[in-house]
Amino acid sequence: MELPYTTYKKSDYIETDTGNKVSRQSLINGGQNIVLGGKTIVHPHCTIRGDLRRSGPTHQASVLIGRFCSLGPYSVLRPPYKTYKGVFSYYPLKIGDFVEIGEGSIVEAASVG
């Protein structure tokens, strides 16, 4: 079964140099900690939480998204967390290439795809 082509209005999206299309209606928190691989589409009302990261002087990105991904409407991506020996800490979220996150999904995992 082939999926139909999805069309969009250019004025509703911001296109980056690497071909990412980010909806103006999406919510991006902590953009300096989010890496989009290229040709990724962030649909309207998608939330990406890059502001949730480990405390300290680390410069590691908290959300890494691969190439040719589609983040569905109303989906939420946030890094996983763990309490170890009484210390609460977030860990990076890595999404591989060619991954589609469905509408309304909540992703809080160390790795997808």
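Owing to the predicted nature of the structure, the values given are computational and were not obtained by experimental measurement.

The rules we used
Residues numbered from 1 in each chain as written. Predicted model: local features only at pLDDT ≥ 70, side-chain atom pairs only at ≥ 80, totals over all residues. Heavy atoms only, no water. Core = buried A, V, L, I, M, F, W, Y, C linked by side-chain atoms within 4.5 Å. Buried < 20%, exposed > 50% of the residue type's maximum accessible area, 1.4 Å probe, protein only. Helix = DSSP H or I, 4+ residues; strand = E, 2+ residues; numbered from the N terminus. Contact = heavy atoms within 4.5 Å. Salt bridge = Lys/Arg side-chain N within 4 Å of Asp/Glu carboxyl O.

A. Main features of the nonpolar core. In this structure, Ile48, Ile65, Leu71, Leu77 and Ile95 are the most contacted members of the largest nonpolar core, which totals 15 residues. Secondary structure elements with two or more residues in this core: β7 (63-67) and β12 (93-95). Look past the residues within four positions of Leu77 in its chain and what remains in contact with it is Thr47, Ile48, Arg49, Ile65, Leu71, Leu93, Ile95 and Val107.

B. Representation of the pattern of salt bridges. Under the definition given, this model contains three salt bridges. Glu15 serves as the salt-bridge partner of Lys21, at 3.7 Å between the closest nitrogen and oxygen. Between Glu108 and Arg78 there is a salt bridge, with the nearest N and O atoms lying 2.9 Å from each other. Linking Glu108 in the loop between β14 (106-107) and β15 (111-112) with Arg78 in the loop between β9 (76-77) and β10 (81-84), this pair joins segments that are 30 residues apart in sequence. For Glu108, a relative accessible area of 31% translates into the label partly exposed.

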